[in-house]
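Chain and residue survey
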Amino acid sequence: MSYDPDNIFTKIIAGDIPSHKVYEDDVCISIMDIMPEAPGHVLVVPKAGSRNLLDADPEALAAVIQRVQKIGNAVKKAMNADGILLRQSSEESAGQTVYHLHFHLIPCHENVKRKEHVSGTTANEELAANCEKIK
Ligand code: AMP
């Protein structure tokens, strides 16, 4: 169970695959999830490569969680959400499907059901519009 740098998020970080980018600095990028569980669902992806939470460098983690908070507040405000669900899955049994550490930030509204995990894509235009709002 080691980290394989040949994964979709390293390609997005390198700019080899397009994404709707909400934020970028030296520590992480944040992109719209292409299969959002709710409108405004973003991922925060550290640039430092690790398979998931369990093998991440603690110092890199400390830096990235500050970005998770900052972006979480931006998502909540932009999407006019009542709350934010933060999720990180480590290994298949926990629901992980992409093996480069990332944090989900999912806007939540009272009495609104979220979609299932990776249950269908959303139109590019909608992702782009939500990306602009959050930026
Ligand atoms: P997890 O299943 O927790 O590892 O989360 C992986 C997430 O990455 C899922 O929610 C997918 O919808 C999302 N995803 C997969 N490929 C892409 C991509 N090219 N751009 C943005 N999000 C992606």
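Residues numbered from 1 in each chain as written. Predicted model: local features only at pLDDT ≥ 70, side-chain atom pairs only at ≥ 80, totals over all residues. Heavy atoms only, no water.

1. What to know about the sheet that holds strand E5 (residues 103–108)
- Strand order in the open sheet made by the 5 strands is E1-E2-E3-E5-E4, with antiparallel pairing throughout. Strand pairing shows two members of the sheet lacking a second neighbour, strand E1 (21–24) and strand E4 (83–87), which therefore form its edges. Between one strand and the next, the sheet's axes are offset by a mean angle of 20 degrees, whatever the strand orientation.
- As paired strands, E4 and E5 are joined by 5 bridges and run antiparallel to one another. Looking across to E5, one finds that Gly83 is bridged to Cys108.
- Strands in contact with helix H2 (residues 58–78) are E1, strand E2 (28–32), strand E3 (42–46), E4 and E5; relative to E5, the strand with the most contacts, it is inclined by about 20 degrees.
- This element, helix H3 (residues 124–134), spans E1, E2 and E3 of the sheet and lies at about 135 degrees to E2. (Pairing = 2+ DSSP bridges. Helix = DSSP H or I, 4+ residues; strand = E, 2+ residues; numbered from the N terminus. Axes fitted to C-alpha atoms, helices over the stretch in contact; angles between N-to-C directions. Contact = heavy atoms within 4.5 Å.)

2. Describing H3
- Buried within H3 we find Leu127, Asn130, Cys131 and Ile134. The buried residues of H3 occupy one face: seen down the axis, they fall within an arc of 105 degrees. Away from its buried face, by an angle of more than 90 degrees, H3 presents the exposed residues Glu125, Glu132 and Lys133. (Buried < 20%, exposed > 50% of the residue type's maximum accessible area, 1.4 Å probe, protein only. Arc of directions from axis to C-beta.)

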